[in-house]
Amino acid sequence: MKNTIAERILDFLKNFPPFDILEKEQLLEIASNVKVTYVEKDTFVFKQDELPHQNFYIVKDGAIGLYRTMDFDTILIDICDEGDIFGLRPLIQNDHYLMSAKANEESILYAISVEILKKIIKTNQKVNKYIVASFSSNIKTPYAKTNSGNLFANIDTDTTFSEVQTAQYSKNPITCLKSSTIKDAALIMSEKKVGSILIVEENKPIGIITDKDLRLKIATGLVSINEKVSKIMSSPVITFSEKITVAEAQIAMIKHKITHLCITKDGSVKSELVGILSEHDIVVLHGNNPSVLIKELKRAKNVETLKYVREKSTELLKGYIEQNIPITFISKIIAEITDAITIKTIELSIAEMENKPPVKFSWLALGSQGRKEQLLITDQDNALIFEDVSQENYENTKTYFLELSKKITSKLNSVGYEFCPADMMASNPKWCLSLSEWKQQFNNWITKPTEDAIMLCTIFFDFNFVFGDKELVTKLSKSIFKSIQSFEIFLNFLGRNALKNPSPLGFFRQFLMEHDGNHKDQFDLKSRALMPLIDAARLIILSHNIKDKNNTISRFNKLAKIEPQNQDLYLSCADSFKILLHYRTEQGLKNNDSGRYINLNTLTKSEKLKLKGCFKPIKDIQDLLNIRYNLAQMM
């Protein structure tokens, strides 16, 4: 008789790595020996520092949170849901659990024997490679055919963000001399509350002792605590330079079966010790992983969780800016989190409505969020498109979407995205329209380009689809470009608007500052430096009929390809924008504001020179607009 339970388990496992690369006989052996475990919410599967079980786990249903506790602070490291494996590393490395695993909701787990897996690893190289890859990456499915769960799938690289990130190590390693006794070393470790101590000679690392050594060699009575540290220290140590990446660190720890790496000046064992990197440091880094925040958002049940994730994203931003991570990476990460918060906000709001949406609709992000350049928390800019309906159904349909929009914008405000002072939000009847109304609205702005119309275009032309039916947005986009082609002089008006703010430097190469108002004698980084670049990129990309580029840096990079004669200028503009955006974000975090206005007296000479270096491309791109669109005659 067939084992129907084993076959059901097999059918489930074969959809997830590494089980999807097993031979059928190997998979059947695993499925036949699986133990099905039910775990109630808030129940621990295992706890940190416990000896490992004989099984590792894969989530069948529910969600398991992985938590790390240190110095009374508990960090959520990851959330495992359907198909995710956890509890495997300690079994492979024969060590205690580094984290606790607790059910975030009622869950069903498959407990799988590690001995069977070890046997398979010896004969199946693909599985062996998967285990190493999954240990050295924060992606659980590196061999999956599609990686839709990967937050950074849209970043043009084969590695994840955290893999290329420089590892953050302790710059004050605890040390002792070779002549010290084990008791001396243990007392220092206890006093400093650390899990390891380095043995040095002339400030060069020659060995290491960890908590594990004390447990296995001293607590068991195998070695006297009065012996010299050299009796139990691990030597030689594994060393790396200060530039070590997270991926390199993880692979080294797995390869050498260790939990600590020594950081030296030139990366060799013969150079000066500058720090120590522990597996805990890597775990904490993954606890600050945005993919974990995205998982939390997907399971969020209330606005409080959304606000918590938004606050965590600000902490992420601070860390990335301090580490000087490329602004293009940062922008994409924060944009993904912001969109995910918005999506969950919309879903929660729809659930509160008495009825489901009567027709298809789309939620659009506008302005900086639409361009995926909203790094600091600013006010909302959004709009809603709903499907065309008959005249008799129009009022009820619009009333529904206005009510929905008010719930959404109110929740976003509670999360931390303030209401737009100019009321450019979907909760405003002017910006909650049917598809036909939106087409007509844009056509009016384009064919009757008043000053107000142009101003609105600079906000609404940078729309980005966030939620709902994307086809509505595609139809609107086609209509917009059709209107532009039928009234090409509109681009000249848009060009004139782009020159509203002249080059940020005056005649004597001084910063042009505000002369009055609350920001008198301050430099307006947004209006005088960022907006000229944003406006220029938008105008030229529109003139080329490019529909899928909303981000300023992406626009300039695209233009560099389609106008090779101006490639150097466009790439210089992209570089300047990166520097300016990074600087504004840095200033905003430092001063807890939007980063828009800068007190020049607080800048060093080198900072002023760096900013001035960004201004030449602004003048050059404005000169190009002036000539291309014959703007001198329009002024």
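First, a word on scope: everything that follows refers to the structure included in this document. Source: prediction; values computed, not measured.

## Describing the overall build of the protein
Item 1. Looking only at helices and strands, one finds 23 helices and 20 strands in the protein.
Item 2. Taken over 635 residues, the protein has a buried fraction of 52%.
Item 3. Contacts spanning at least 24 positions in sequence make up 71% of the contacts within the protein whose residues lie at least 6 apart.
Item 4. When the accessible area of the protein is evaluated, it comes to approximately 31100 Å², of which 49% is carbon and sulfur surface.

## Brief notes about the pattern of salt bridges
Item 1. Under the definition given, this model contains 24 salt bridges.
Item 2. For the salt bridge of Glu347 with Lys344, the shortest nitrogen-to-oxygen distance reads 3.4 Å. On the criterion of helical spacing, the pair formed by Glu347 and Lys344 is a turn pair, its members being three residues apart in helix 13 (residues 327–352).
Item 3. Sharing partners across several salt bridges, the network here consists of Arg371, Glu373, Asp462, Asp535, Arg538 and Arg555.

## Describing the sheet that holds strand 12 (residues 239–240)
Item 1. Pairing within the open sheet is mixed, and its three strands lie in the order 12-13-14. Both outer strands of the open sheet, strand 12 and strand 14 (273–278), are each paired with one neighbouring strand and no more.
Item 2. Where strand 12 and strand 13 (residues 260–264) come together, two bridges link them in parallel fashion. Among the inter-strand pairings, Thr239 is bridged to a residue of strand 13, identified as Cys262.

## Description of empty space enclosed by the protein
Item 1. The final tally for this structure, using the stated rule, is four cavities of 30 Å³ or more.
Item 2. Here the second largest cavity defines a volume of roughly 70 Å³.
Item 3. Around the second largest cavity, the lining residues are Thr338, Thr342, Trp363, Gln369, Gln374, Asp379, Gln380, Asp381, Asn382, Leu412 and Tyr417.
Item 4. Of the residues contributing to the lining of the second largest cavity, the split by class is three nonpolar, six polar and two charged.

## Points about the nonpolar core
Item 1. Counting 116 residues, the largest nonpolar core has Trp438, Phe460 and Leu625 as its most contacted members.
Item 2. By residue number, the principal contributor to this core is helix 20 (residues 525–543), which donates twelve residues.
Item 3. By size, the runner-up hydrophobic cluster in this structure holds 23 residues, among which are Ile9, Phe12, Ile30 and Phe56.

## Points about the layout of surface pockets
Item 1. Considering only enclosed or pocket space, the second largest pocket measures out at about 1300 Å³ in volume.
Item 2. Within the residue set of the lining of the second largest pocket, elements represented by two or more residues are strand 4 (64–70), helix 7 (182–192), strand 10 (196–201), strand 11 (204–210), helix 8 (211–218), strand 13, strand 14 and helix 10 (279–287).
Item 3. For the lining of the second largest pocket, the element with the highest residue contribution is helix 8, accounting for six residues.
Item 4. Here the residues of the lining of the second largest pocket are counted per class, giving 19 nonpolar, 15 polar and 13 charged.

Scoring rules and cut-offs
- All residue numbers refer to position in the chain's written sequence, counted from 1.
- The model is predicted, so local features are restricted to residues of pLDDT at least 70 and side-chain atom pairs to those at 80 or more, both for listing and for counting; the totals for chains, interfaces and linings are taken over all residues.
- Hydrogens and water molecules were not included; the side-chain quantities draw on all heavy atoms of the structure.
- A run of H or I in DSSP becomes a helix once it reaches four residues, and a run of E becomes a strand once it reaches two; helices and strands are each numbered from the N terminus.
- Per-residue accessibility, obtained with a 1.4 Å probe over protein chains only, is compared with the maximum for each type, and a residue is labelled buried under 20%, exposed over 50%, and partly exposed between these values.
- It only takes one pair of heavy atoms within 4.5 Å for two residues to be counted as in contact.
- For accessible areas, the Shrake-Rupley method is used with a probe of radius 1.4 Å. Any residue's cover is judged against the shown protein chains and nothing else.
- By salt bridge we mean one thing: a side-chain nitrogen of Lys or Arg within 4 Å of a carboxyl oxygen of Asp or Glu.
- The pairing criterion is simple: DSSP has to find at least two bridges between the two strands.
- Using a grid of 1 Å spacing that covers the protein atoms alone, one calls a set of points a cavity when a 1.4 Å probe fits there but cannot get out, and a pocket when the set is open and has protein on both sides within 12 Å along at least five of seven lines; lining residues are those with an atom within 4 Å of a point.
- Grid points are joined across faces, edges and corners, and a volume is the space filled by probe spheres set on the points.
- Residue classes follow a fixed rule: Ala, Val, Leu, Ile, Met, Phe, Trp, Tyr, Cys and Pro count as nonpolar, while Asp, Glu, Lys and Arg count as charged, and any other residue, Gly among them, counts as polar.
- The nonpolar core is taken to be a set of buried Ala, Val, Leu, Ile, Met, Phe, Trp, Tyr and Cys residues, with the residues joined through side-chain atoms within 4.5 Å.

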